[in-house]
Every structure is written in structure tokens, then in C-alpha cells.
Amino acid sequence: MEVIIQQDAEAASLLVAKLIAKALRENPFLVLGLATGGTMEAVYAHLVRMHKEEGLDFSLCRTFNLDEYVGLPPDDPNSYRQYMQRHLFSHVNINPRMTHLPNGMAADLDRECDEYEKLIKRFGGVDLQLLGIGRDGHIGFNEPLSALLSRTRVKALTPTTVAQNAIYFGDPHKVPRRAITMGVGTILDARRCLLLATGAHKAEIVAKAVEGPVTAMISATALQLHPKCTVVVDEAAASKLQGHEYYRWIFQTEPEWAEFR
Ligand code: PGA
């Protein structure tokens, strides 16, 4: 795991967008794993700007989102399909047929989950998986006690997650209580993982995810097992990391990061 500390949320989200753009330029057929949530909005805004100003080309790439609420149709404004339309898909030249999210309205949800796994495999697996982190340490909707080898399936959301997402629904009672999510094992199969966390409210969970013991209680800790995982944080989210100075030194001295300093 590498930890990159940026001065503020703006710089952290820009760095993540640059890493995605670089991967896309190197491989136009990139299979990109996407995430939703407030933190990602700035990343998508940068990607949209790069498309408009620098011609960043999405026409050949394929995307798989981490998760979708059960019971929300794709045209519901709170569905993750609509989130993706709003923040990225409708502003760039991506082929809508190459954008995939689980269908939370499927009559047979277990089958939908199996099909989603098969689809990811059919297109060669995820090259680069973008991740946020929930206050309970979830990646995707892999809530506490998610098996570290879990695959795409339906998960019940914790009260913490329901509270965290209630702002979008206006009323906690309207937040769906279940979601289809890629499993922790599905996420670990991606060739590269890129987690972004910003803000002081993420400091404690980031420290546990990066420096704490691996535990199914905090699914983000499973990323410690991944051979190529980059965690990008701002100063506020990094404030409880013990290895703060060491991570900073690595970023300042590794040739790999020279173009991003
Ligand atoms: P947030 O969500 O970006 O809105 O904090 C992150 C997550 O729950 O994965």
C-alpha cells in the first residue's frame, strides 16, 4: 500500500483524476471500476474538465460501478446510475452500453449478482478500481463483517451508512436498507486499487484502514493485502496516521511520483 498525502481535498481529488487520466491514455480500452459518494464528485468534475479541455477520450473504455441500491429504478435521482449520469457519463464521450452498474430492481437479485461477476470477468477484469471509504470503513457497500473473500451480493446497510447517506434522500426512512455491492474479493481482483479519502471526519477510519490490523469489521483493511493499492488523502484525513512523515518522504523521493509532485 502506498499513501499519498496532499495539502487539501482539491489537490487530492486532482491527483486521483490525473492517475485515472494517465491510465486511460496508456490504455484506451481500460476497464475502470467506479465509485460514488460526495468525495468522488470532485474527481469526476476534473475528469469532465480534462475531457473538454484536453480531449481525454472515454470512447473505448468500459466501466463497472461498485454498487447500486436495491429497489431504486435506474431513473430514480438517488440511484447510483443517475449519480454517474449527472457527474460523469452525460458529460464525456463514453459509450452508454459500456457503462455497467448492478440492477437493483432485478427480480432475481442473486442471479443479478452472479451475472455482474461474470460480466466483469468476460471483459478481462477491472484494471483500475476507484474507491471511497465509508465512516464504518466500508469499500463499496461491504459493511462490517463482510467476508474478506466475498463476491458481488446483496448487503444490508448499517445504521451508520444509512445516516451517512440520508442527506441525499432528505429523510433517513427513504434510504434503501439494502444494496448490491461488489464483494471485497471482487475488489481485490482489480489490477490496481485507488482509494480517495478527504476531510477530518475520515481521519480515524483512514488510520485504522491503513495502519490497523486486517479485519472483516473494516473491509478497507483488506486493501493491505492488495499488491498495488494507492491511498490518496488530504492533510485532514491523514492527521491520525502514524507514518505521516514517512509516507510524505516516499512521495517526495520516488521517481514514479515525480510527474505528480
Ligand atoms: P462519501 O462516501 O464520499 O460520501 O464520504 C464514501 C463511501 O461511503 O464509500
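Since the structure is predicted, the reported quantities are computational estimates derived from the model, not experimental observations. (Residues numbered from 1 in each chain as written. Predicted model: local features only at pLDDT ≥ 70, side-chain atom pairs only at ≥ 80, totals over all residues. Heavy atoms only, no water.)

Peer 1: Teacher, can you tell me more about the site of the ligand here?
Peer 2: Every residue close to the ligand is listed here: Gly37, Gly38, Thr39, Gly132, Ile133, Gly134, His138, Gln164, Tyr168 and Lys202. A distance of 2.9 Å separates an oxygen atom of the ligand from a polar atom in the backbone of Gly38. A distance of 2.6 Å is found between an oxygen atom of the ligand and a side-chain nitrogen or oxygen belonging to Lys202. Contributing elements (two or more residues each) for the shell around the ligand: α2 (38-54) and α5 (159-169). Here the residues of the shell around the ligand sort into two nonpolar, seven polar and one charged. (Near = heavy atom within 4 Å. Polar contact = N/O pair within 3.5 Å; in protein donor to acceptor, adjacent residues only side chain to side chain. Helix = DSSP H or I, 4+ residues; strand = E, 2+ residues; numbered from the N terminus. Nonpolar A, V, L, I, M, F, W, Y, C, P; charged D, E, K, R; others polar.)

Peer 1: How should I be thinking about helix α3 (residues 80-87) in this particular structure?
Peer 2: Working note: α-helix, 3.6 residues per turn, so residues spaced by three or four point in the same direction. Inspection of α3 places Tyr80, Arg81, Tyr83, Met84 and His87 among the buried residues, and these make up the whole buried set. On an axial view of α3, the arc spanned by its buried residues comes to 160 degrees, and they lie on one face. (Buried < 20%, exposed > 50% of the residue type's maximum accessible area, 1.4 Å probe, protein only. Arc of directions from axis to C-beta.)

Peer 1: Sorry, what's going on with the pattern of salt bridges here?
Peer 2: Once their charged atoms are close, side chains differing in charge can pair, the charge on each being opposite to the other. Using the criterion set out here, one finds twelve salt bridges in the structure. For Glu2, the salt bridge goes to Lys228, with nearest N and O atoms at 3.8 Å. With Glu2 in strand β1 (residues 2-6) and Lys228 in the loop between α7 (203-211) and β10 (229-234), this pair connects stretches of sequence that are 226 residues apart. Glu2 sits in the partly exposed class, given a relative accessible area of 21%. Between Glu53 and Arg49 there is a salt bridge; the shortest N-O distance is 3.7 Å. Note that Glu53 and Arg49 are positioned in helix α2 at a spacing of four residues, about one turn of the helix. (Salt bridge = Lys/Arg side-chain N within 4 Å of Asp/Glu carboxyl O.)

Peer 1: Could you clarify how one ought to interpret unusual backbone geometry in this entry?
Peer 2: Note on backbone geometry: most residues besides glycine have negative phi, and most peptide bonds are trans. Look at Leu145: it is not a glycine, yet its phi comes out positive at around 80 degrees. Mapped onto the fold, Leu145 is located in the loop between β6 (128-131) and β7 (153-156). Overall, the relative accessible area of 63% leaves Leu145 in the exposed class.

Peer 1: I would appreciate a short explanation of the environment of Tyr246 in the present structure.
Peer 2: With respect to the element layout, Tyr246 can be found in helix α9 (residues 244-253). Relative accessible area serves as the criterion here: at 53%, Tyr246 is assigned to the exposed category. The spacing of Tyr246 and Leu32 is 214 residues in sequence and 30 Å in space, taken between C-alpha atoms.

Peer 1: It is not clear to me how the pairing of β10 should be interpreted in this structure. Could you clarify?
Peer 2: For a regular strand, side chains alternate in direction, first toward one face of the sheet and then toward the other. When you tally the buried positions in β10, you get six out of six residues, the bulk of the element. Side chains Cys229, Val231 and Val233 project from β10 onto one buried face, and the interleaved Thr230, Val232 and Asp234 project onto a second face that is buried too. Judged from the five bridges that link them, β1 and β10 form a sheet pairing that is parallel. Looking at β10, one finds that Val3 is bridged to Val231. Relative to β10, strand β9 (residues 192-197) is paired through five bridges, and the arrangement is parallel. Residue Leu195 lies in a different strand from β10, and its bridge partner there is Val231. Crossover handedness for the path β9 to α7 to β10: right-handed. (Pairing = 2+ DSSP bridges. Right-handed = clockwise from strand over helix to strand, strands pointing away.)

Peer 1: Got a minute to help me understand the sheet that holds β7 in this structure?
Peer 2: Consider a sheet: its strands pair through backbone hydrogen bonds, and that pairing is either parallel or antiparallel. Taking strand neighbours across the sheet as the criterion, the three strands line up as β4-β8-β7 in an open arrangement whose pairing is antiparallel. In this open sheet, the two edge strands, each paired with only one partner strand, are β4 (67-69) and β7. Neighbouring strand axes in the sheet, compared pairwise and without regard to direction, differ in orientation by 30 degrees on average. One ladder, built from four bridges, connects β7 with strand β8 (residues 178-181); its direction is antiparallel. Bridging from a neighbouring strand, Ala156 pairs with Arg178 of β8. (Axes fitted to C-alpha atoms, helices over the stretch in contact; angles between N-to-C directions.)

Peer 1: What am I meant to see in the sheet that holds strand β3 (residues 62-65) here?
Peer 2: Within the open sheet, the seven strands sit side by side as β1-β10-β9-β6-β2-β3-β5. Their pairing is parallel. Of all strands in the sheet, those with a lone pairing partner are β1 and β5 (99-100), marking the two edges. Of the strands in this sheet, β3 and β5 touch helix α4 (residues 109-122), which is tilted by about 150 degrees from β3. (Contact = heavy atoms within 4.5 Å.)

Peer 1: Would you explain the state of the cysteines in this entry?
Peer 2: One pass over the structure, following the stated rule, counts zero disulfides. Free of any disulfide, Cys113 has its nearest cysteine sulfur in Cys193, 19 Å distant. Free cysteine: Cys229, not disulfide-bonded; nearest cysteine sulfur from Cys193 at 5.4 Å. The class for Cys229 is buried, based on a relative accessible area of 2%. (Disulfide = S-S within 2.5 Å.)

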